[in-house]
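Results of the structural survey
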Amino acid sequence: MPETPAETTAAETRVALITGSSSGIGAGIARRLAAAGIRVVLNSARSESAGKALAAELPDAVYVRGDVADADDARRIVAAAIDTYGRLDILVNNAGVTRFIPLGDLDTADGDAWREIFEVNVVGTWQMITAAVPHLRESGAGSIINISSVSATRALGSSIPYAVSKAAVNHMTRLLASQLGPGVRVNAIAPGLIDTPWYEGEDQVWESSREWITENTPLRRVGTPDDVAEAALYLLDAAYTTGDVLTVDGGRHVV
Ligand SMILES: NC(=O)c1ccc[n+]([C@@H]2O[C@H](COP(=O)([O-])OP(=O)(O)OC[C@H]3O[C@@H](n4cnc5c(N)ncnc54)[C@H](OP(=O)(O)O)[C@@H]3O)[C@@H](O)[C@H]2O)c1
């Protein structure tokens, strides 16, 4: 008698924790992963009602408020994912902050700006990873995706502290990939200009950047959260890829 194919039980369905997923890129990734049948844990530090509203919209999702820059919160966010679903397979480190400071304005890029940006983008990413790794190892096919930026490798971006924080994220990605295999893969995505609330209050920066990108990049448009989400889905299934930084910028890096 032919064997009946084993059905995937709810307990076997992959679980993804996506930081900073109440809006923009994180929300776009959450929607795409949920549509692919992955259970999703949403997070943000402040925008609780937006996070809860998105969780209610998705087929199987919960929202956990917490600041990734706070070590206790980072542990609590991961613990909430385990309490809810009993497993963790995917961590997307998307929460990020910046200050819009022209690259030549050295005085405004002071120690406070460096500390604030590094606390979230670098220390926060690290704290989420260290809290999640034991569970990702248990998954057997754990995957970490860090959201970086094209500014990590080019002389551009919202400020020098921000660009340097993303360069640190790229190198953290490579170093951890060298240590966490074979059970856990670690990759990053470097988006170019993506249409999200990130630029709220920075209308001039947004408009001039949008115009430049539309006129000069090979794909002639700015990116959407869904463009980044598509790259995330690709990395989740790219079983022989680790330590990579995937650029999603409409080809800006070649011009
Ligand atoms: N948009 C772009 O052009 C672009 C380009 C390259 C890279 N990126 C990167 O993409 C990521 C997402 O940006 P986005 O454009 O989608 O911006 P966004 O719409 O402003 O989203 C940022 C998200 O991060 C959350 N967040 C901020 N600080 C947090 C913290 N300490 N702990 C937990 N959550 C926190 C925000 O919620 P609360 O503020 O309510 O906590 C929000 O959900 C960032 O890492 C950014 O550097 C963006």
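Every value quoted in this text rests on a predicted model; they were computed, and no experiment measured them.

**Regarding the packing of helix H4 (residues 111-139) against helix H5 (residues 160-180)**
For the pair H4 and H5, interaxial distance at closest approach is 9 Å and the crossing angle is 20°. The pairing of H4 with H5 is recorded here as roughly parallel in orientation. Crossing of H4 over H5 shows right-handed handedness. Touching Trp114, Ile117, Phe118, Asn121, Val122, Thr125, Trp126, Ile129, Val133 and Arg137 of H4 are Ile160, Pro161, Tyr162, Val164, Ser165, Lys166, Ala168, Val169, Met172, Leu176, Gln179 and Leu180, all from H5. Its residues assigned to classes, the contact of H4 with H5 comprises 16 nonpolar, 4 polar and 2 charged.

**Here's the deal with the packing of aromatic side chains**
Using the criterion set out here, one finds 4 aromatic pairs in the structure. Taking 5.8 Å as the distance between ring centres and 55° as the angle between the ring planes, the aromatic pair formed by phenylalanine 100 and tyrosine 199 counts as tilted. A residue pair is termed long-range when its members are at least 10 positions apart, and phenylalanine 100 in the loop between strand E4 (90-93) and H4 and tyrosine 199 in the loop between strand E6 (184-191) and helix H6 (203-216) qualify at 99 residues. Assessed through its relative accessible area of 14%, tyrosine 199 is described here as buried. When the centroid spacing of 5.7 Å and the interplanar angle of 40° are considered together, the rings of tryptophan 114 and phenylalanine 118 count as tilted. Here the residue tryptophan 114 and the residue phenylalanine 118 both occupy positions in helix H4, the gap between them amounting to 4 residues, near one helical turn.

**A word on the side chain of arginine 185**
Along the polypeptide, arginine 185 turns up in strand E6. The side chain of arginine 185 sits in the buried core without any salt bridge; aspartate 237 is the nearest counter-charge, 6.4 Å away. Within the structure, the side chain of arginine 185 is placed 2.9 Å from the backbone oxygen of leucine 236, a separation counted as a polar contact. When sequence neighbours within four positions are dropped, the list of residues in contact with arginine 185 reads Gly142, Ser143, Ile144, Leu235, Leu236, Asp237, Ala238, Ala239, Thr241 and Thr242.

**Section: the pattern of salt bridges**
Pairs can form between side chains of opposite charge once their charged atoms are near each other. Under the defined criterion, the tally for this structure stands at 13 salt bridges. The salt bridge involving arginine 32 is made with glutamate 230; its shortest N-O contact spans 4.0 Å. Highlighted residues: arginine 32 in helix H1 (residues 24-35) and glutamate 230 in helix H7 (residues 225-237), separated in sequence by 198 residues. On the accessibility criterion, arginine 32 (24% relative accessible area) is partly exposed. In this structure, aspartate 227 and arginine 221 form a salt bridge, with 2.8 Å as the shortest nitrogen-oxygen distance. Within the structure, one salt-bridge network assembled from shared partners comprises Arg32, Asp226 and Glu230.

**A short note on the site of the ligand**
Within the structure, the ligand sits among 32 residues, and Ser22, Ser23, Ser47, Tyr162 and Thr196 are positioned closest to it. Take serine 23: an N or O atom from its side chain is 2.6 Å from an oxygen atom of the ligand. Lysine 166 places a side-chain nitrogen or oxygen 3.0 Å from an oxygen atom of the ligand. Considering the ligand on its own, with 880 Å² of exposed area, one finds that the protein chains cover 92% of that surface. When contributions to the shell around the ligand are tallied by element, the ones reaching two or more residues are H1, strand E2 (39-44) and H5. Across the shell around the ligand, the residue classes tally to 14 nonpolar, 15 polar and 3 charged.

**Section: the confidence of the model for the protein**
Predicted confidence across the protein gives a mean pLDDT of 96, with 97% of residues reaching 70 or more. This model gives residues 1-5 a pLDDT under 50, and the stretch forms 0 contacts once residues within four places in sequence are excluded.

**Re the sheet that holds strand E5 (residues 142-147)**
Strand order in this open sheet of 7 strands is E3-E2-E1-E4-E5-E6-E7, and the pairing throughout is parallel. The open sheet is flanked by strand E3 (61-65) and strand E7 (245-248), the only strands paired with a single partner. Going across the sheet, the axis of each strand differs from the next one's by a mean of 20°, ignoring polarity. Judged from the 4 bridges that link them, E6 and E7 form a sheet pairing that is parallel. Residue alanine 188 lies in a different strand from E7, and its bridge partner there is valine 245. Along the sheet face, helix H2 (residues 48-57) touches E2 and E3 and points at about 165° away from the line of E3.

Parameters and conventions
Residues numbered from 1 in each chain as written. Predicted model: local features only at pLDDT ≥ 70, side-chain atom pairs only at ≥ 80, totals over all residues. Heavy atoms only, no water. Axes fitted to C-alpha atoms, helices over the stretch in contact; angles between N-to-C directions. Helix = DSSP H or I, 4+ residues; strand = E, 2+ residues; numbered from the N terminus. Parallel < 35°, antiparallel > 145°, perpendicular 65-115°, else oblique. Left-handed = near helix turned anticlockwise from the far one by under 90°. Contact = heavy atoms within 4.5 Å. Nonpolar A, V, L, I, M, F, W, Y, C, P; charged D, E, K, R; others polar. Phe/Tyr/Trp six-rings, centres within 6.5 Å; stacked < 30°, edge-to-face > 60°. Buried < 20%, exposed > 50% of the residue type's maximum accessible area, 1.4 Å probe, protein only. Lys, Arg positive; Asp, Glu negative; His and termini not counted. Salt bridge = Lys/Arg side-chain N within 4 Å of Asp/Glu carboxyl O. Polar contact = N/O pair within 3.5 Å; in protein donor to acceptor, adjacent residues only side chain to side chain. Near = heavy atom within 4 Å. Areas by Shrake-Rupley, 256 points an atom, 1.4 Å probe, with all protein chains shown as cover. pLDDT = per-residue confidence, 0-100. Pairing = 2+ DSSP bridges.

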